[in-house]
Amino acid sequence: MKKYIFALLVVVVMFNAFDNLKEITNLAIVSVLGLDVDEEGNYIATVEIIAGDKENNKKTILEKATGNSIQEAIRNIIDKTPQRLYLAHLETLIVSEDIAKSGIDNIVDFFIRDNDASNNFYLFVSKEKTAGKVIEKISEQEVSMLEMLKSSEKYRGNANTKTLSQCIQQILKVGSDICVNSCGINEDEIYIGEMAYFKEWKMQGYMSKDESIMYNILDKNVVSPILKTGEKENLIIVEIVTNDVKFGLKDNKVNIDINMEVNISEVGKAISLESKEKVREVENILENEVKDRVEDFVRKYQIERGVQILGFENLYYRKKKEYPQNVEFNTNVDISIANQGGVVNIW
Amino acid sequence: MVEVSFIMISAFFSFFLGIGSYIMYPICRQDTIIAMLFGVIITYPFFRIAKYVIKKNKYEDIFELNKNIKGIGIFLNILLFIGLFVISLFLLYNISDFLNIEYFSESSVQFTKFLILIPLWYVLSKDLKTILKMNQVMAIVCVGILFIDFIGIAHKIDLSNAQPVMATDIKDFSKALLYLAGLNGAGVLMCALVGRKSISDNGSKIDKILNLFYIIANIMQIVIIASVILTQGINYVLLFRFPEYIALKQFSFLNMAERLENVLALQFYFNSISILSFLLHYIVKLLPKSNKIKIYPIFVLLVMYFLTCFIFKDTSYFTLYIQKYIVLLCYITIILPFFIDYIILHKKVNKNS
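Residues numbered from 1 in each chain as written. Chains lettered and ligands numbered in written order. Predicted model: local features only at pLDDT ≥ 70, side-chain atom pairs only at ≥ 80, totals over all residues. Heavy atoms only, no water.

(A) Representation of the overall build of chain B. Helix and strand counts for chain B come out as 15 helices and two strands. Out of the 353 residues in chain B, the part that is buried amounts to 56%. Here the analysis covers contacts within chain B between residues at least 6 apart in sequence; of these, 84% occur between residues at least 24 apart. In the structure as shown, chain B presents an accessible area of about 14800 Å², 68% of it carried by carbon and sulfur atoms. Charge-centre separation for chain B: the mean point of 31 positive side chains lies 12 Å from the mean point of 20 negative side chains. (Helix = DSSP H or I, 4+ residues; strand = E, 2+ residues; numbered from the N terminus. Buried < 20%, exposed > 50% of the residue type's maximum accessible area, 1.4 Å probe, protein only. Contact = heavy atoms within 4.5 Å. Areas by Shrake-Rupley, 256 points an atom, 1.4 Å probe, with all protein chains shown as cover. Lys, Arg positive; Asp, Glu negative; His and termini not counted. Charge placed at Lys NZ, Arg CZ, Asp CG, Glu CD.)

Shown next, in the form of structure tokens:
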């Protein structure tokens, strides 16, 4: 027994953490990474490192380096900081529009191969000229992109919190494309922009704000965004409480079934909610509005631009059917008002 | 009898993760889940053989039974010895590779292997009863962890990841089923290494206990494969050497417990250590008796260490050998000897009656 204990002790002492020993003081923990390309095609990596800069009273340090490849650019940062860059706690990856348009496949490859990175971070496309510019602002204002993203998803519905690994899972499905969040600087403030849509690995463009919300509704990725219809006296503003979207194939046509529960937030003077019939009328108005928006969205992106962000092609593939050149679809929307609130109450 | 049945669970786990799954995913893709369901039926004949041999083998183990078979007995023991030894080599490298990729990515796999051999050295100083008890405890822990895993990643399950259903070519599907039957068959037959003399006799309950554990082991295997494919999609699964570990990264329990993959994945380690100690116990036992018997365990472990260094120069060699040889090895060196034993025992019983 003694010899086994002795052997175990020897192992514990000699092979303590093996080569993987990483003292936290020797690590430069990266929270935000930005990737740009210069005119010669070299990568420029900008990182925000979590480390108390006592001299300048700052929580983060910004570093930048250039290299022929992503790996080289990141490694070259070591010249400027004595610590090793640690990507396991990366929260945000921002890529420039140029990189996004030329394809993010090599970036995805890099993170899939890298053992340190967890892939549970969020990908953004920079609406500014470079991603580095955005990171400089993030560092200067000490904002958390993660918190901003969560708020945008929850209250505006124009963003979603899909991690890089979830995006990869989606894009790897046959006949399925992705949408990625964007960010930029407006009047010296960082903001979360509209969704950037991709075809295969390449970015095609940005959606509008309403389209971004519609995409997130159809992607079942909404928490409580606002829907607005009508103007002034006919204004109806509702908050989506629950949202269930189903895509199916019926008679070789795509069926989109949307079931929503909403809460009334605000109504114009001409809108009455005093009886169940009138509530049903409002529900009808909302259903028609959502149906129109969904149909416009599907027509624009799925049919005209052929972007598979809703995965119609994947739907046909899963049912072992050939994807038709002219896809037809039906939209069924069912909205129920859970609670109208307000002073006049019929419930 | 119960403690022997737990061997089935450990064998199913450790033969499949990183070995069986690595063969099955590229062939059957999303249909691997259906293949696993078929696997229950296809492996059943081997399970029947295992049950029969366990019931009729009155000796300490299968090797003693073979010794009492005139002529072919020694040949069967040699085959079994080669089979157990080579499978142990595969299992040792597989678990070292797993720890190396997911835990010690910057260390050499040789160091990791060395670390695994230390507890094995200790366990090999114990008798079969202790090893079986240890395996029982570890298997229970693993089943518990698996249950927690499933609860934690169930919210990520997307049934559309299983579609298109049965898109695999029937020829490839049948080939994959043969592979599966070979690996799971070998796993089931591991229980039959132990003779009735070495274990507590549950008499008429043997059938019920073994049937129950066969079902549990299969359900667990199906749950693992289904969770891996349904949460990630097959194209993502194929990117990784151990997608089961990657699936655990999605674990989240009530938004409180997250990033627990390193703890939860320890079940792979527990299972491999259990089954390795069981196999190595028989390998050491089969070596010729001499007064130097005490150094056998360390000798076997060192031979294994150097052989794995020599044969599996790196992971690419290992995965190549997995795809080419391991199933064939299971059929020739494990299933074939047991099948011959089954026929001999059957003839004997018929003759006596």
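(B) Highlighting the domain arrangement of chain A. Residues and elements named next belong to chain A. Segmenting chain A into domains produces domain 1 (20-206) and domain 2 (226-347). Of note, the centres of domain 1 and domain 2, computed from C-alpha atoms alone, are 34 Å apart. In this assembly, 13 residues from domain 1 lie in contact with 11 residues from domain 2. Regarding the contact of domain 1 and domain 2, the summed buried area is about 900 Å², with carbon and sulfur atoms giving 56% of it. Here domain 1 and domain 2 share zero salt bridges between them. For the interface between domain 1 and domain 2, the tally reads four residue pairs in polar contact (both at pLDDT 80 or more). Tallying contributions element by element places strand 9 (residues 196-199) first for the side of domain 1 that touches domain 2, with three residues. By residue class, the composition of the side of domain 1 that touches domain 2 is seven nonpolar, three polar and three charged. (Domains from an automatic or database assignment. Buried area = accessible area lost by both parts, 1.4 Å probe. Salt bridge = Lys/Arg side-chain N within 4 Å of Asp/Glu carboxyl O. Polar contact = N/O pair within 3.5 Å; in protein donor to acceptor, adjacent residues only side chain to side chain. Nonpolar A, V, L, I, M, F, W, Y, C, P; charged D, E, K, R; others polar.)

(C) Representation of the environment of B:Gly185. Residues and elements named next belong to chain B. Here Gly-185 is to be found in helix 8 (residues 170-189). Taking the relative accessible area as the measure of exposure, Gly-185 reaches 0% and is therefore buried. Filtering out sequence-adjacent residues up to four positions away, Gly-185 remains in contact with Thr-43, Phe-46, Leu-180 and Ile-335.

(D) Molecular detail of the pattern of salt bridges. Residue and element names in this part refer to chain A. Across all of its chains, the model carries 20 salt bridges over all chains by this definition. Across the pair Lys-127 and Glu-194 runs a salt bridge, and its minimum N-O distance is 3.3 Å. Of this pair, Lys-127 sits in the loop between strand 6 (122-126) and helix 5 (131-141) while Glu-194 sits in the loop between strand 8 (189-192) and strand 9, and the two are 67 residues apart along the sequence. We classify Lys-127 as partly exposed; its relative accessible area is 26%. Judged by relative accessible area, Glu-194 falls into the buried class, the value being 15%. Among the ionic pairs, Lys-300 bridges to Glu-211, the shortest N-O distance being 2.6 Å. Taken together, the positions of Lys-300 in helix 9 (residues 276-304) and Glu-211 in helix 8 (residues 209-218) put the pair 89 residues apart, joining distant regions of the chain. According to the relative accessible area criterion, Lys-300 is partly exposed, its value standing at 25%. Owing to a relative accessible area of 16%, Glu-211 belongs among the buried residues under this scheme.

(E) Region of the structure containing the pairing of strand 7 (residues 179-186) of chain A. All names here are of chain A. By the criterion of burial, strand 7 is predominantly enclosed, with six of the eight residues buried. The pairing of strand 7 with strand 9 spans two bridges and is antiparallel. From the neighbouring strand, Cys-179 faces strand 9, where its bridge partner is Tyr-197. In terms of strand pairing, strand 7 meets strand 8 through four bridges, oriented antiparallel. Bridge pairing in strand 8 links Cys-183 to Ile-192. (Pairing = 2+ DSSP bridges.)

(F) Local environment of the interface of chain B and chain A. Taken residue by residue, the interface counts 33 residues in chain B and 30 residues in chain A. Note on chain B versus chain A: buried area summed over both sides is about 2800 Å², and carbon and sulfur give 56% of it. Scanning the region where chain B abuts chain A turns up one salt bridge. Those elements giving two or more residues to the side of chain B that touches chain A turn out to be helix 6 (109-123), helix 9 (206-232) and helix 10 (234-237) of chain B. Considered class by class, the residues forming the side of chain B that touches chain A number 16 nonpolar, 12 polar and five charged.

(G) Region of interest: the side chain of B:Ser5. Assignment of secondary structure puts B:Ser5 in helix 1 (residues 2-28). The buried category is assigned to B:Ser5, whose relative accessible area is 0%.

(H) How the structure looks around helix 14 (residues 296-311) of chain B. Residues and elements named next belong to chain B. Across its 16 residues, helix 14 extends 22 Å between first and last C-alpha, which sits within 8% of the 22 Å expected from 1.5 Å per residue. All of the buried residues in helix 14 are Tyr-296, Pro-297, Val-300, Leu-301, Met-304, Tyr-305 and Thr-308. Along its buried surface, helix 14 packs onto helix 5 (73-102), helix 6 and helix 13 (266-286). (Expected span 1.5 Å × (residues − 1).)

(I) View of the packing of helix 7 (residues 128-153) of chain B against helix 13 of chain B. Residue and element names in this part refer to chain B. The geometry of helix 7 relative to helix 13 is characterised by a closest axis approach of 9 Å and an angle of 160° between their N-to-C directions. Taken together, helix 7 and helix 13 sit at an angle that is classed as roughly antiparallel. You can see that helix 7 and helix 13 cross each other, and the crossing is left-handed. Between helix 7 and helix 13, the residues in contact are Leu-128, Ile-131, Leu-132, Met-134, Asn-135, Met-138, Val-141, Cys-142, Ile-145, Leu-146 and Asp-149 and Gln-267, Phe-270, Asn-271, Ile-273, Ser-274, Ser-277, Phe-278, His-281 and Tyr-282, respectively. Its residues assigned to classes, the contact of helix 7 with helix 13 shows 13 nonpolar, six polar and one charged. (Axes fitted to C-alpha atoms, helices over the stretch in contact; angles between N-to-C directions. Parallel < 35°, antiparallel > 145°, perpendicular 65-115°, else oblique. Left-handed = near helix turned anticlockwise from the far one by under 90°.)

(J) Examining the packing of helix 6 of chain B against helix 13 of chain B more closely. Residues and elements named next belong to chain B. Closest axis-to-axis distance for the helix 6/helix 13 pair is 10 Å, and the angle between their directions is 45°. In terms of axis orientation, helix 6 runs oblique to helix 13. Helix 6 and helix 13 meet at a crossing whose hand is right-handed. When helix 6 is examined against helix 13, the residues Ile-116, Pro-119, Leu-120 and Val-123 are found in contact with a partner set consisting of Tyr-269, Ile-273, Leu-276, Ser-277 and Leu-280. The residue makeup of the contact of helix 6 with helix 13, split by class, is eight nonpolar, one polar and no charged.

(K) Quick look at the packing of aromatic side chains. Taken as a whole and assessed by the stated rule, the structure comprises 34 aromatic pairs over all chains. Between A:Phe111 and A:Phe121 the ring centres are 5.0 Å apart and the planes differ by 65°, which places this aromatic pair in the edge-to-face class. You can see A:Phe111 sitting in helix 4 (residues 105-113) and its partner A:Phe121 sitting in the loop between helix 4 and strand 6, a full 10 residues away along the chain. Note on A:Phe111: relative accessible area 0%, which makes it buried. Among the residues examined, A:Phe121 registers a relative accessible area of 0% and is labelled buried. With a centroid separation of 6.5 Å and an interplanar angle of 70°, the aromatic rings of B:Phe46 and B:Tyr331 are classed as edge-to-face. Taken together, the residues span a long stretch of sequence, with B:Phe46 in helix 3 (residues 44-56) and B:Tyr331 in helix 15 (residues 315-352) at a distance of 285 residues. The buried category is assigned to B:Phe46, whose relative accessible area is 15%. (Phe/Tyr/Trp six-rings, centres within 6.5 Å; stacked < 30°, edge-to-face > 60°.)

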